[in-house]
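Below, each chain spelled out in residue letters.
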Amino acid sequence: MANSLQHDFMEQLNELYHPLILEHNQHPRHYEKHPEAAVILDAYNSLCGDKFKLYLDIKAGRVEQASFSGYGCAVSKAATSVLMDKIQGKTLEEVKTLLNEYFTTTKTDQDLSGVSDPDLLAFAAAKKFPGRLKCAVLAWEAMEEFLQQR
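Just so it is clear, the structure is predicted and the values come from calculations on it, not from any experiment. (Residues numbered from 1 in each chain as written. Predicted model: local features only at pLDDT ≥ 70, side-chain atom pairs only at ≥ 80, totals over all residues. Heavy atoms only, no water.)

A. A look at the overall build of the protein. For the protein, the helix and strand inventory stands at six helices and three strands. In terms of C-alpha radius of gyration, the protein reaches 16 Å, essentially the compact-globule figure of 15 Å for 150 residues. Each principal axis of the C-alpha distribution contributes one length, and for the protein these read about 60 × 30 × 25 Å. Of the roughly 8100 Å² of accessible surface on the protein, 50% is carried by carbon and sulfur atoms. Side-chain charges of the protein comprise 16 positive and 21 negative groups, with the mean position of each set lying 5 Å from the other. (Helix = DSSP H or I, 4+ residues; strand = E, 2+ residues; numbered from the N terminus. Rg over C-alpha atoms; globule rule 2.2 N^0.38 Å. Areas by Shrake-Rupley, 256 points an atom, 1.4 Å probe, with all protein chains shown as cover. Lys, Arg positive; Asp, Glu negative; His and termini not counted. Charge placed at Lys NZ, Arg CZ, Asp CG, Glu CD.)

Following this line, the structure appears as structure tokens:
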């Protein structure tokens, strides 16, 4: 019985550390400081110490440039990298739609058959690990909070 539980846990961990997450952690996209950006957001998880700055240049309702800097675990760094990669050139309405799709993937038990983006689906396993879920949504929630204040 113990071996079965251990095997199940290891399978869930392998889901959490999906190859896409490992790739984005090792080679993050748009990982650079941009202190002259028009918008700088802080994403900080006081529980584990993950801390990122998101740098955004938005013109005419479109993200012209997005980058990030900081540090965190593999899940939070990869999730931030995917976010920065996905929002390049998107309108703010498109970013809102993306955020909703990501939160459906990570925060709900809804059927995911309507989610076609494999990059987002790579983070679905985070909901099985409550301690890691905050890591997966950290930067995404900072972006959502920013958009709600606009």
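B. Quick look at the side chain of serine 67. Summarising the element assignment, serine 67 is placed in strand β3 (residues 62-71). Taking the relative accessible area as the measure of exposure, serine 67 reaches 1% and is therefore buried. A distance of 3.0 Å separates a polar atom in the side chain of serine 67 from the backbone oxygen of glutamate 32. Dropping the residues within four chain positions of it, serine 67 is found in contact with His30, Glu32, His34, Lys53, Leu54, Tyr55 and Met84. (Buried < 20%, exposed > 50% of the residue type's maximum accessible area, 1.4 Å probe, protein only. Polar contact = N/O pair within 3.5 Å; in protein donor to acceptor, adjacent residues only side chain to side chain. Contact = heavy atoms within 4.5 Å.)

C. Layout of the pairing of β3. Judged from the nine bridges that link them, strand β2 (residues 51-59) and β3 form a sheet pairing that is antiparallel. Bridging from a neighbouring strand, aspartate 57 pairs with glutamine 65 of β3. Taking the residues between adjacent antiparallel strands as the criterion, β2 and β3 are bridged by two residues, where alanine 60 takes a positive phi near 55 degrees. (Pairing = 2+ DSSP bridges.)

D. Representation of helix α6 (residues 130-149). Counted at 1.5 Å a residue, the expected span for α6 with its 20 residues is 28 Å, and the 27 Å between its end C-alpha atoms agrees. At leucine 138, α6 shows its largest kink, close to 50 degrees. Three or more residues of α6 are buried, namely Leu133, Cys135, Ala136, Val137, Leu138, Ala139, Trp140, Ala142, Met143, Phe146 and Leu147. (Expected span 1.5 Å × (residues − 1). Bend = angle between axes of the 7 residues up to and from the residue.)

E. Geometry of the packing of aromatic side chains. On inspection of all chains with the given rule, the structure shows five aromatic pairs. A ring pair is formed by tyrosine 31 and phenylalanine 68, whose centres lie 4.9 Å apart and whose planes are at 75 degrees; its orientation type is edge-to-face. Separated by 37 residues along the polypeptide, tyrosine 31 in the loop between α2 (19-26) and β1 (39-44) and phenylalanine 68 in strand β3 bring together distant segments of the chain. Taking relative accessible area as the criterion, tyrosine 31 reaches 36% and is therefore assigned partly exposed. Summarising the aromatic geometry, the rings of phenylalanine 52 and phenylalanine 68 are spaced 5.7 Å apart at their centres and angled 65 degrees between planes, so their arrangement reads as edge-to-face. One end of the pair, phenylalanine 52, is in strand β2; the other, phenylalanine 68, is in strand β3, with 16 residues separating them in the sequence. By relative accessible area, phenylalanine 52 is classed as buried at 1%. Pairwise contacts between aromatic rings join Tyr102, Phe103, Phe123 and Trp140 into one cluster. Over the face of the ring belonging to tyrosine 44 we find lysine 51, whose NZ or CZ atom lies 5.6 Å from the ring centre. One residue, lysine 107, lies across the ring of phenylalanine 103, its end atom 4.5 Å from the ring centre. (Phe/Tyr/Trp six-rings, centres within 6.5 Å; stacked < 30°, edge-to-face > 60°. Lys NZ or Arg CZ within 6 Å of the ring centre and 35° of its normal.)

F. Quick peek at the pattern of salt bridges. Summed over all chains, the structure comprises eight salt bridges. The salt bridge partner of lysine 59 is glutamate 64, with a shortest N-O separation of 3.6 Å. Look at glutamate 64 and you get partly exposed, because its relative accessible area is 47%. A network of salt bridges, in which partner residues are shared, links Lys86, Asp117 and Asp119. (Salt bridge = Lys/Arg side-chain N within 4 Å of Asp/Glu carboxyl O.)

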